[in-house]
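# An overview of the molecular structure
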Amino acid sequence: MLLFASAGPASAEPSLALDTATAQRLDAAIEQAMRTTSVPGAIVGIWSPDGTYVRAFGVADKATGAPMKPDFFSRIGSVTKTFTITGLLQLTDQGRVGLDDPIAKYIDGVPRGDEITLRELARMQSGLYNYSATDGFQEALVADPRRHFAPTELLDWAFAQPEVFPPGEGFQYSNTNTILLGLVVERLSGQSLPDYIHDHIIVPLGMRDTTFPITNAFPDPHAQGYTDTTGAVSTATDWDPSWGWSAGAMISTLDDLRIWAPALVTGQLLSPAMQAQRLQTVGAPGHPAQDGYGLGIFNLGGWIGHNGSLPGYQTVSVYLPEQQTTLVILTNTDIAYQGGEPSTTLANAITKVVSPQHVYTLGDPTHEPDVSATHS
């Protein structure tokens, strides 16, 4: 694998703490956002040329009152997509696949697979139905959240539904797209997806605490995760993440995502030409014209990266090139607030303090289409 030089500051951590006045404003903004959204616990990290801010807030366990701590592991949901599609783009850099190849060249049985390209899958323009929004999948997950799902099962739910729009003629966030791309990475690399991501992304970047679990195993220490799938709060800590697979199964930490966010956005593991393609976005309904979704990556108000959600946990992992600033947020709930992601409320409040000209806003759940139990 080629390891390309980063175009930015990558993961160099400033040695100085953020100034006291700004830190106090952040403390107040985060605490208010947590009260508003009823988030039990949150971990927040900001790394910028002006200094570093790393804090843990609230509780990791509502029953015992144990505090949240900055070194906890967390399920990162759809941030997994950024790893999967980085793998695809690495293989493209090596000439082993073309982004404008049809998915039918690699995977059989995809509706209109001879028309849907890998680029359209990565950019959420395939028109394939989101399996995690189907009644069949939701019923199966709620009935047994510790069940192990195979990727082919997930695709069966998606392929049984009609297309949302013709390939390339619309935009809809669909976990189905990234499941297919995970299978492509496996086929072309000859490795399991967890092994590929470990060998070609995690190890080169020195991310010691990032894993792609194949069971419901969850390294310690971690917070309890709280969700609501049936109208009552449940603890989802040991639910099996296999249903998210290449779209949402991974685990990481604040320190590792501090490495990943700028590496992702500056193209540290890709050629400059490939990274330029990655960052070309398409517009998403309900968002300002300058915002959009690229190849497994979004741009919201100049903050580039991804968010993620699985039952019990949410993540925001983004980088602002204009200010060379990294922001990572981890929470131990995914319970919606006024129809939106609580992590979005936190990110919005934080960026109003640290980057008032670049405020993170996710007005509708275009990038996270997750309802009830179906997050990623």
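Because the structure is a prediction, the values reported are computed rather than measured.

Our next topic: the sheet that holds strand S11 (residues 325–331). Read across the open sheet, the seven strands follow the order S2-S1-S11-S10-S9-S8-S7; overall the sheet is antiparallel. Looking along the sheet, the strands with just one partner apiece sit at the ends: strand S2 (51–58) and strand S7 (292–293). Of the strand pairs in this sheet, strand S1 (residues 41–48) and S2 are connected by eight bridges, and their pairing is antiparallel. Across the sheet, the residue bridging to Gly41 is Gly58, located in S2. Packed onto the sheet, helix H11 (residues 342–354) meets S1, strand S9 (303–310), strand S10 (313–320) and S11 and runs at close to 150° relative to S11.

Following the criterion strictly, the structure yields seven salt bridges and no others. Ionic pairing is found between Asp100 and Arg119, a salt bridge with its closest N-O pair at 2.9 Å. In this pair, Asp100 sits in the loop between helix H2 (79–93) and helix H3 (118–122) while Arg119 sits in helix H3, placing the two residues 19 residues apart along the sequence. Residue class for Asp100 comes out exposed when judged on its relative accessible area of 51%. A relative accessible area of 14% means that Arg119 is categorised as buried. In this structure, Glu163 and Arg112 form a salt bridge, with 2.9 Å as the shortest nitrogen-oxygen distance. In this pair, Glu163 sits in the loop between helix H5 (151–159) and helix H6 (175–189) while Arg112 sits in the loop between H2 and H3, placing the two residues 51 residues apart along the sequence.

Structurally, Ser126 is set in the loop between H3 and helix H4 (135–143). Residue Ser126 is classed as buried on the basis of its relative accessible area of 2%. Within the structure, the side chain of Ser126 is placed 3.0 Å from the backbone nitrogen of Leu128, a separation counted as a polar contact. Within polar-contact distance, the side chain of Ser126 engages the side chain of Asn177 at 2.5 Å. Each residue touching Ser126, except ones within four places of it in the same chain, is listed here: Ile116, Glu120, Leu121, Phe165, Pro166, Pro167 and Asn177.

Mapped onto the elements of the fold, Thr52 is located in strand S2. Residues Thr52 and Tyr337, 285 residues apart in the sequence, show an inter-C-alpha distance of 29 Å.

Parameters at a glance
- Residues numbered from 1 in each chain as written.
- Predicted model: local features only at pLDDT ≥ 70, side-chain atom pairs only at ≥ 80, totals over all residues.
- Heavy atoms only, no water.
- Pairing = 2+ DSSP bridges.
- Helix = DSSP H or I, 4+ residues; strand = E, 2+ residues; numbered from the N terminus.
- Contact = heavy atoms within 4.5 Å.
- Axes fitted to C-alpha atoms, helices over the stretch in contact; angles between N-to-C directions.
- Salt bridge = Lys/Arg side-chain N within 4 Å of Asp/Glu carboxyl O.
- Buried < 20%, exposed > 50% of the residue type's maximum accessible area, 1.4 Å probe, protein only.
- Polar contact = N/O pair within 3.5 Å; in protein donor to acceptor, adjacent residues only side chain to side chain.

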